[in-house]
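Take a look at the letters that make up each chain.
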Amino acid sequence: MRRYFFTISYNGTPYFGWQRQPKQISVQQVIEENLSKLNSLQEVNIVGCGRTDTGVHAMSYVFHVDYPEISDKNQFMYKLNKMLPESIVIHQIHEVSTESHARFDAKKRTYRYFIHQKKNAFLHNLSVHFPHELNLDLMNKAAAFLIGRQDFTSLSKLHTDVKTNICEVTEAQFFPQDEQLVFEISADRFLRNMVRATVGTLLDVGTGKLNAEEVRTILDAKNRQEASKSVPAHGLYLWEIEY
């Protein structure tokens, strides 16, 4: 058996997240089932670079799999893409050492969250409609408090199985792109619901419900109830993984 890294993208709308779960369809399940069919294997287990929740998308997602030798990667990729639904695309396959790990070897992860302020029929399930005036300068001033290595308990889902809520954020900013507003954030790791809770809090800054400096106070509190409500999942994309 050889170990391969697969780089893929997917539209998360039809799925109950990345990870397999009973009685619900997931991205992981669909890929594993088709990899098994492709080489008549009884069972294939893949390991993803992280979890995405129901409705969350991925522009660039990486998983690894132990699999028989793939002699022609382009042909293999062509066949697998033919078998997979339109919502999942394989972009690249490359062989790695048997010690390489899609999740634990990742050094940096980047997410983007997309917002449109004018109603747009073609962005349904791909961006969040937020028809309110926003102060971009204040939101970026508040986002600057996220930079650095610190405790993000206030922006994390409660009662998760992680050992620590410490993350190191290296980038956090809003910027306009075409007819949308994009929030981009990079870190060594992310907690469950962290990006969506962050965006919800920063939007409250943008509408004047919170002062920019209050983000620092919210982080120091280490209390999820101090932060704002999470924004919907369908505006969120896992954008890039660096190893």
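These numbers come from a predicted model, not from an experiment.

About the criteria used
- Residues numbered from 1 in each chain as written.
- Predicted model: local features only at pLDDT ≥ 70, side-chain atom pairs only at ≥ 80, totals over all residues.
- Heavy atoms only, no water.
- Salt bridge = Lys/Arg side-chain N within 4 Å of Asp/Glu carboxyl O.
- Helix = DSSP H or I, 4+ residues; strand = E, 2+ residues; numbered from the N terminus.
- Buried < 20%, exposed > 50% of the residue type's maximum accessible area, 1.4 Å probe, protein only.
- Contact = heavy atoms within 4.5 Å.
- Arc of directions from axis to C-beta.
- Phe/Tyr/Trp six-rings, centres within 6.5 Å; stacked < 30°, edge-to-face > 60°.

Enquirer: I'd like a rundown of the pattern of salt bridges, residues and numbers included.
Expert: Pairing of side chains with opposite charge becomes possible as their charged atoms draw close. This model, assessed by the stated rule, comprises eleven salt bridges. Ionic pairing is found between Arg-112 and Glu-184, a salt bridge with its closest N-O pair at 2.5 Å. Of the two residues, Arg-112 sits in strand E5 (residues 108–116) while Glu-184 sits in strand E9 (residues 180–187), which places them 72 residues apart along the sequence. Looking at Arg-112, the relative accessible area reads 15%, which means it is buried. Glu-184 sits in the buried class, given a relative accessible area of 10%. Where salt bridges share partners, they join Arg-2, Glu-69 and Glu-95 into one cluster.

Enquirer: Lay out the environment of Gly-55 in plain terms, naming residues and giving numbers.
Expert: Among the structural elements, Gly-55 can be located in the loop between strand E2 (46–48) and strand E3 (57–67). Overall, Gly-55 belongs to the buried group, its relative accessible area being 12%. Apart from the residues lying within four places of it in its own chain, the contact partners of Gly-55 are Gly-12, Thr-13, Tyr-15, Ala-233 and His-234.

Enquirer: Explain helix H5 (residues 214–221) to me, and be specific about the residues and the numbers.
Expert: Every buried residue of H5 is accounted for by Val-215, Ile-218 and Leu-219. Down the axis of H5, the buried side of the element spans an arc of 95°, and every buried residue falls inside it. Looking at the buried residues of H5, the elements they touch are helix H3 (136–143), strand E7 (148–151) and helix H4 (194–206). One or two residues past the end of H5 sits Lys-222, with phi positive at roughly 50°.

Enquirer: Tell me about the packing of aromatic side chains, and please be specific about residues and values.
Expert: Scanning all chains against the criterion turns up 13 aromatic pairs. Considering the side-chain rings of Phe-6 and Phe-63, the 4.8 Å spacing of their centres and the 15° angle between planes classify their relative orientation as stacked. Of this pair, Phe-6 sits in strand E1 (residues 2–10) while Phe-63 sits in strand E3; the two residues are 57 residues apart in sequence, bridging distant segments of the chain. Take Phe-6 and Phe-63: they sit in the same class, and that class is buried. Here the aromatic rings of Phe-114 and Tyr-237 are separated by 5.0 Å at their centres, their planes lie at 70°, and the arrangement is edge-to-face. Taken together, the residues span a long stretch of sequence, with Phe-114 in strand E5 and Tyr-237 in strand E10 (residues 236–242) at a distance of 123 residues. Residue Tyr-237 is classed as buried on the basis of its relative accessible area of 11%.

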